[in-house]
Amino acid sequence: QLSLFRLTLKRLFTTSHPSVDSKEIKKFQRLAHKWWDEEGEYSALHSMNDIRVPFIRDTLLNMSSNYHLGNPLSGVKILDVGCGGGLLSEPLGRLGASVTGIDPLEDNIRTADQHKSFDPVLAKRIQYKSSSLEEIVEESMETFDVIVASEVVEHVADLEMFIKCCSQVLKPEGSLFITTINKTQLSYVLGIVVAEKIMGLVPEGTHEWEKFVPPEELERLLESNGLSVKTVNGMLYNPLSGSWSWMESTSVNYAMHAVKSGTRGQSSPTDAPSEMESEQPSATAGTTM
């Protein structure tokens, strides 16, 4: 088993995987079996679904004229990058989407596969693959309607390469959703000192402040890769109630929605968001699945 893991690590960190960070892989390896423990190390990600799932769903519905009652995301092809144990893939699958979840750590994929197998509907709608984003680019050019990278970009080794790959596998006019942590003094205090060292909300060493990404930097990278940022919402975690809510400030956590420019109408990065999209934060705030 150990030699197999070493072999897998060796395969993952050849030059064809510049965005995968070997130190990050080793960190998450220790917790691969804990994904579905709602009271465990990933409890904050479980409760984040209460706001990130409606944000994705409502944004997509606002952009579409096709409504499928009961299965609002029916026919939508979603790539969940860095899917972990499937915490976000599953609720998106329940909304009717066809989801491909990828993660470079095989143990995460094993956990995700096992959990979806309990639900025959999800077993059909979700496909998991142990893979880096770079590995699937060639076979998946302009394949997905939606890409979700939730709590992932602060763990990648080469953010520029990561965003470029996202753009390549996204269809023209497709949507990219990112949630991550800003690089501020406040995010250092709350995200690392309080969350890891004082309250133990996440295991110590989970985050490195140097890898946190300011929204301005992310926006610049997205726009240089043909994606136009439509929405940026601040997110707030309350450790006492264990719940998330939307807020104006992006100084700690934030969610971003960007759209790839397409053939129809050639939207430019300077296009103002539609009336519907500009109202997005209030429309989704407090909504739960």
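Residues numbered from 1 in each chain as written. Predicted model: local features only at pLDDT ≥ 70, side-chain atom pairs only at ≥ 80, totals over all residues. Heavy atoms only, no water.

- Where an unreviewed UniProt entry is consulted, the chain appears under the name COQ3 protein, with the organism given as Pandion haliaetus.

## A short note on the overall build of the chain
For step 1, the next point in the chain: Counting its secondary structure elements, the chain contains 12 helices and 8 strands.
For step 2, the next point in the chain: For the chain, buried positions account for 51% of its 289 residues.
For step 3, the next point in the chain: Summarising the internal contacts of the chain: among those between residues at least 6 apart in sequence, 73% fall at separations of at least 24.
For step 4, the next point in the chain: For the chain, the exposed area adds up to about 13,500 Å²; of that, 54% sits on carbon and sulfur atoms. (Helix = DSSP H or I, 4+ residues; strand = E, 2+ residues; numbered from the N terminus. Buried < 20%, exposed > 50% of the residue type's maximum accessible area, 1.4 Å probe, protein only. Contact = heavy atoms within 4.5 Å. Areas by Shrake-Rupley, 256 points an atom, 1.4 Å probe, with all protein chains shown as cover.)

## A word on the sheet that holds strand β8 (residues 253-260)
For step 1, the next point in the chain: Spatially, β3-β2-β1-β4-β5-β8-β6-β7 is the arrangement adopted by the 8 strands of the open sheet, whose pairing is mixed. The open sheet terminates on both sides in strands that have one partner only, identified here as β3 (126-130) and β7 (243-247). Between one strand axis and the next, the sheet turns by 20° as a mean value, whatever way the strands run.
For step 2, the next point in the chain: Taken together, the 3 bridges between strand β1 (residues 77-81) and strand β4 (residues 144-150) define a ladder with parallel strand orientation. Its bridge partner being in β4, D80 is matched across the sheet by V148.
For step 3, the next point in the chain: Against the sheet, helix α5 (residues 106-116) engages β2 (98-103) and β3, with an angle of about 160° to β3. (Pairing = 2+ DSSP bridges. Axes fitted to C-alpha atoms, helices over the stretch in contact; angles between N-to-C directions.)

## Remarks on helix α10 (residues 215-224)
Because each turn of an α-helix spans 3.6 residues, side chains separated by three or four positions end up pointing in the same direction.
For step 1, the next point in the chain: All buried positions along α10 are accounted for by P215, L218, L221 and L222. Around the axis of α10, the buried residues are gathered within 125° of arc, so they sit on the same side. Pointing more than 90 degrees away from the buried face of α10 are the exposed residues E216 and S224.
For step 2, the next point in the chain: Where α10 is buried, its residues meet α8 (159-169), β5 (170-181), β6 (227-238) and β8. (Arc of directions from axis to C-beta.)

## Some details on the pattern of salt bridges
For step 1, the next point in the chain: Using the criterion set out here, one finds 14 salt bridges in the structure.
For step 2, the next point in the chain: Note that K171 is salt-bridged to D145, the shortest N-O span being 3.0 Å. With K171 in strand β5 and D145 in strand β4, this residue pair connects regions lying 26 residues apart in the sequence.
For step 3, the next point in the chain: The closest approach of N and O atoms between K197 and E204, which form a salt bridge, is 3.4 Å.
For step 4, the next point in the chain: Since its relative accessible area comes to 54%, E204 is described here as exposed.
For step 5, the next point in the chain: Ionic contacts of the salt-bridge type, sharing partners, join the residues D21, E24, K27, E208 and K211 into one network. (Salt bridge = Lys/Arg side-chain N within 4 Å of Asp/Glu carboxyl O.)

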